[in-house]
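Descriptive analysis of the structure
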Amino acid sequence: MKDNGKFFVGLGGVALVVTYLIWTGVSETMMYYLTPVEMMARVAEDPTFHEVGLKVSGRVEPGSWTRAEDELLHHFTVVDLEDKSVRFPVEFRDMLPDTFNDTDVVDVVVEGRFREDGVFEATVVLAKCGSRYEATAEELLS
Amino acid sequence: MTILGELALWIALPIGIWGAVAGFVGGRKERGDLVLSAEHSVYAVFFLLILASAGIITAFLTDRFDYWYVANYSNRELATFYKVSGLWAGQRGSLVFWALLLSLFSAAAVFTNRAKNREFMAYVVGVLLTISSFFLVVLLFADVNPFERLPFAPADGRGLNPQLQNYWMTIHPPTLYLGFTAFTIPFAFAVSALLTGKLDSRWIVITRRWILLSWFFLANGIVFGMRWAYEMLGWGGYWFWDPVENASLLPWLTATAFLHSIQIQENRGMLKVWNMGLVALTFLLTIFATFLTRSGLIESVHTFAENTRIAFIFLGFMGTIAGACVLLIAWRYPQLKSENQIQSFLSRESAFLFNNLILLGAAFTIMWGVLFPLISEGFTGQQMTVGPPFFERVNLPIGLALLALMGIGPVIAWRRASRRNLVKNFAMPIVVGVLVVGGLYVRGVHHGMALVTFGLSAFVMTIIIVEFVKGTKARASIEGEGHLLAFFHLVSRNRRRWGGYIVHVGVVMIFTAFAGAAFDREVVQTLDPGETISIESPFGHEYTLTYQGLSSPRGENLVRQAVALMTVEKNGRPIGSLTAEKRLYVKWEAPLTIVGIRQTLMEDLYLILENVNDLSGAFENEAQAQRATFEVQVNVLVEWIWYGGFIVTLGSIIGLWPSRGSTTTASRPQTGGKRPALAARS
Amino acid sequence: MGLIVGVTLVSAGVILFVMLPVLRGDWASLERSDDEVTEVDARKQAALRGLRDAEYDYRSGKIDQADYQILKSDLARKALEAMQEEAAAGNAANDGAPADQAEPANGGAGDRASENLEAEIARVRKGIAQGRTCSGCGHLNVKKSRFCTGCGGSLDGMATTAGPRESV
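Residues numbered from 1 in each chain as written. Chains lettered and ligands numbered in written order. Predicted model: local features only at pLDDT ≥ 70, side-chain atom pairs only at ≥ 80, totals over all residues.

Description of the overall build of chain C
Across its full length, chain C carries 4 helices and 1 strand. Walking chain C from its N terminus toward its C terminus, one meets helices and strands in the order α-β-α-α-α. Residues classed as buried in chain C amount to 36% of the 168 residues present. Within chain C, contacts between residues separated by at least 24 positions form 57% of all contacts whose residues are at least 6 apart in sequence. (Helix = DSSP H or I, 4+ residues; strand = E, 2+ residues; numbered from the N terminus. Buried ≥ 20, exposed ≤ 12 C-beta atoms within 10 Å, placed from the backbone. Contact = placed C-beta atoms within 7 Å.)

Structural data, given as structure tokens:
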């Protein structure tokens, strides 16, 4: 079967291309998923961490949200879920999700870059408002 | 009624297990009475799951907030419409719903096969009831019982998430679930074929309509989900590459691959192992999608709650099924040898093979992206993630390759195509494609990837149209029919092929729409009443929107709403108005943004009320609280997704439509007779 | 009270319904019935579908005439083989059960995508046996004619001489 060779070349080719796409895709777009504490530690030991994509989960500090007048620019502070002393400011130039606010307990995931001036420049903000999730029996009672 | 529903689940589990055992044992020992009992179990489980679902819906309708599930997903003011859809609003109810749909399809499969394909049915019933029983075990023992009672009865429930209070909520999840569950039937037949050793292409002939049905629901479910996201989520996009969206795409991709590769097996007797593997893989991916939605293993906007016990149960189940399928295929490997080999690189089977590889490649990259956080944590201890940029980057070339194959496949003949004829057949479509690219370039379209997509789309469309024309001509001359009749017969006598081409037309339109997104524009501005926003469309005209102010009417189940009114002018001529809103629902702190969309064939004008400076003032209709920030988008070719989706639906209905004579034997009695008669025969 | 009665009724009814076949000895058939699509039938239909597709492919210029001839004779041979097997099996079945339908191949439950498969069988049969029967009108033409004198349709592509050919 003379053409079978050609097929295996074809199959191998497809597999190689897919592998290549995944490899380059991952290496150029992947983000580290960190807590604020981990992020601070990583940046302290390796300043190049200011350049790489990060995804950080934490909680919005109540009362920290300010919105630039007449401009789509938000500032707020994110606090670590466990160590409340670790916090960092976030700058975000887009629409915040409806679930975002700074009065309730709002967990956020911010994606972006932690600039050298200590401000996190977010390109994506995901907010999980506590009330969107299922309540336990105790919470329903209150 | 509700308690009866709960007890129905407890009765259904032993019946399901009995039926599964009776099916397998009955098949093995050729005990027709056990098999009949197993088939009755399928009907019984279906009936009991109807009772259980009715119990849940009754609890919703009668505001039984002493049920944890009702208290979490409903409140007194909720519209009846959404109380009924409460059945699939949360994790617990949707597991019951999943089991209900599976038992519905199981009952339909047993009923339609009561007088035919009997040699497969014992194991088919066994497999179906095993899967149903698994879901019943999960429901009853994995902390997800929808009938769980609270120690007290709250005065009111917490209400349904406002984002789910949308008519798509009653359409999108059920459609997707129908697609997931329908694929269990082909899987059951495949396993039965392996177990009985009846491995010719009969199981494929029997199940191909089921496969197409499942594919049809999956495709529609995915498009409905895109539409929902576009209307509801308020940022002008329709696809997030969210893990759950991705998970629903995975079985669709492998089912698409399977729909193509079974044609190779039917026509050429090849790829038998591959097809078995694809059925098993697609089935596992439907379970994976259900699991991902319901387990919280990977973060997602769809994920309901974190429950690690259910994650382990699901993983164990999927692992067992995967292992069993591998063993079964290995055991039957000698009987799954190809009857033929591919004769030529230039043949339709070769094009289909590449289509399969590329579809699986796409599924693999998406799977990789979804699981990357887990993979990276497993290997490096450090969780890393990839987002939409990864999926877009990787799937763009894959999508373009698929688009090209959609054009190449139809033109290449089975077995052996001639080079000379290929050149002749491709010349015109290529010229059309190049002309489209050139024309668009001259008209100012300079986005490279979009041009490639438009060119390829024109190439594929030309090929499909030529194919229809040539087919009609060939039929007219072969059968001596008039051209209109020949066209009608061409499609109706070979619905799968020509229905498939119609589906391709829809898919090409959807690809074109994706490329259109490269030309989207947006403007953000803060306005006082009377001020305007201008946005230029990529088609050259300009929209001017004049802010008329906020008003605050009251509506059902809403506490407050602030509605912004904009009048719209196109090149200075008034063409109507748009409204956009912020709403605040009872019991939900987060406001809900409602967008305004003006839909036209080539572009949508999409208005978002991004922020109201003084929202509480606006709710009180205060005159000075009118200043608001708006985002206006021009979304190019979005409508083509919905039109394309409609054409996909049309094409798959043509493929699904039963042909005359296919039900001739369904009327024979079910039972093979009393025991002695059959014992004598066997 | 009502609940207990309801639950008892439901469970008793369901269990009775499920167990009845075992208790009464009702047997479900576990074998293919005679009038269903058989493996041979499926092969025949696949070959005939292949023939039809090949004819369309040839007429719309996707395959060369030489390839078409080979393909056509190969598929026609397969279809004829299947038909012969089926006829043999049908005779055997008819001997055993004379009450069965007169033409099992015709009563098949399977895919009737093409409603004139039987006509195609006839065409294939004649085409191979005599070479020059018009596929359009059934008119018998003299050998080597390219167009039918009955209806004017093309006669090209009828396999006449090419023998069976194994796939390589």
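What to know about the overall build of chain B
Within chain B, the regular secondary structure consists of 21 helices and 11 strands. Computed over the C-alpha atoms, the radius of gyration of chain B is 28 Å, within 12% of the 26 Å expected from 2.2 N^0.38 for a compact globule of 682 residues. Along the longest, intermediate and shortest principal axes, the C-alpha atoms of chain B span 95 × 80 × 60 Å. Each of the 682 residues in chain B was classed as buried or not, and the buried ones make up 55%. Residue pairs in contact within chain B that sit at least 24 positions apart in sequence constitute 73% of those at least 6 positions apart. (Rg over C-alpha atoms; globule rule 2.2 N^0.38 Å.)

Focus on the environment of glycine 500 of chain B
All names here are of chain B. Summarising the element assignment, glycine 500 is placed in helix H18 (residues 495–516). Separated by 151 residues in sequence, glycine 500 and glycine 651 have C-alpha atoms that sit 6.2 Å apart. Not counting residues within four places of it along the chain, the set of residues in contact with glycine 500 comprises Gly651 and Gly655.

Overview of the packing of helix H5 (residues 91–112) of chain B against helix H6 (residues 118–141) of chain B
Residue and element names in this part refer to chain B. Two elements in contact, H5 and H6, have axes whose closest approach is 10 Å; the angle formed by their N-to-C orientations is 165°. Viewed along their axes, H5 and H6 adopt a mutual orientation that is roughly antiparallel. Once H5 is placed against H6, the crossing between them reads as left-handed. Touching Leu95, Val96, Trp98, Ala99, Leu102, Ser103, Ser106, Ala109 and Val110 of H5 are Val124, Val125, Leu128, Ile131, Ser132, Phe135, Leu136, Val138 and Leu139, all from H6. Looking at side-chain class alone, the contact of H5 with H6 contains 15 nonpolar, 3 polar and no charged residues. (Axes fitted to C-alpha atoms, helices over the stretch in contact; angles between N-to-C directions. Parallel < 35°, antiparallel > 145°, perpendicular 65-115°, else oblique. Left-handed = near helix turned anticlockwise from the far one by under 90°. Nonpolar A, V, L, I, M, F, W, Y, C, P; charged D, E, K, R; others polar.)

What about the pairing of strand S9 (residues 603–612) of chain B?
Residues and elements named next belong to chain B. With 10 of 10 residues buried, S9 lies mostly within the body of the structure. Summarising the sheet, strand S8 (residues 596–599) and S9 pair through 4 bridges and their orientation is antiparallel. In the sheet register, glycine 596 faces S9, and the bridge partner there is leucine 607. Taken together, S8 and the strand that follows it, S9, pair antiparallel across an intervening segment of 3 residues. Looking at chain direction, S9 and strand S10 (residues 628–636) are connected through 9 bridges and run antiparallel. (Pairing = 2+ DSSP bridges.)

Describing unusual backbone geometry
Residue and element names in this part refer to chain B. In this model, glutamate 30 sits at a positive phi of 55°, which is unusual for a non-glycine residue. Mapped onto the elements, glutamate 30 comes out in the loop between helix H1 (2–28) and helix H2 (32–61). You can call glutamate 30 partly exposed: it has 15 C-beta atoms within 10 Å. Positive phi is not limited to glycine here, since tryptophan 241 has a value of about 60°.

Observations regarding the packing of helix H14 (residues 388–411) of chain B against H18 of chain B
Residue and element names in this part refer to chain B. Where H14 contacts H18, the two axes come as close as 11 Å, and the packing angle between them is 150°. Here H18 runs roughly antiparallel to H14, going by the angle between their axes. The crossing of H14 and H18 is left-handed. Of H18, the residues touching H14 (which contributes Gly399, Leu403, Met406 and Pro410) are Tyr501, His504, Val507, Val508 and Phe511. Its residues placed into classes, the contact of H14 with H18 shows 7 nonpolar, 2 polar and no charged.

Remarks on the sheet that holds strand S2 (residues 521–527) of chain B
All names here are of chain B. Strand order in the open sheet formed by 4 strands is S2-S10-S9-S8, and the pairing between neighbours is antiparallel. Among the strands making up the open sheet, the edge pair consists of S2 and S8. Across the sheet, the axes of successive neighbouring strands diverge by a mean angle of 15°, strand direction being ignored. With 7 bridges connecting them, S2 and S10 associate as antiparallel partners. In the strand pairing of S10, leucine 527 is matched with alanine 628.

Considerations on the nonpolar core
All names here are of chain B. Counting 260 residues, the largest nonpolar core has Leu48, Val124 and Val125 as the members making the most contacts within it. Per-element accounting of this core gives the leading share, 18 residues, to helix H9 (residues 202–232). Ignoring any residue separated from it by four or fewer positions in sequence, one finds valine 124 in contact with Ala109, Ala188, Phe189 and Ser192. (Core = buried A, V, L, I, M, F, W, Y, C linked by C-beta atoms within 7 Å.)

Some points on the confidence of the model for chain C
Residue and element names in this part refer to chain C. On average, chain C scores 65 in pLDDT, and the residues at 70 or more come to 50%. Mean pLDDT per element in chain C: helix H4 (residues 117–130) is the minimum at 53, and helix H1 (residues 2–24) is the maximum at 90. Under a pLDDT of 50 for its full length, residues 95–116 has, in the predicted model, 46 contacts with residues more than four places off or in other chains. Low pLDDT, under 50, characterises residues 139–144; the predicted model gives this stretch 16 contacts beyond four residues in sequence or across chains. In the predicted complex, the global pTM is 0.87; the interface-specific ipTM is 0.87. (pLDDT = per-residue confidence, 0-100.)

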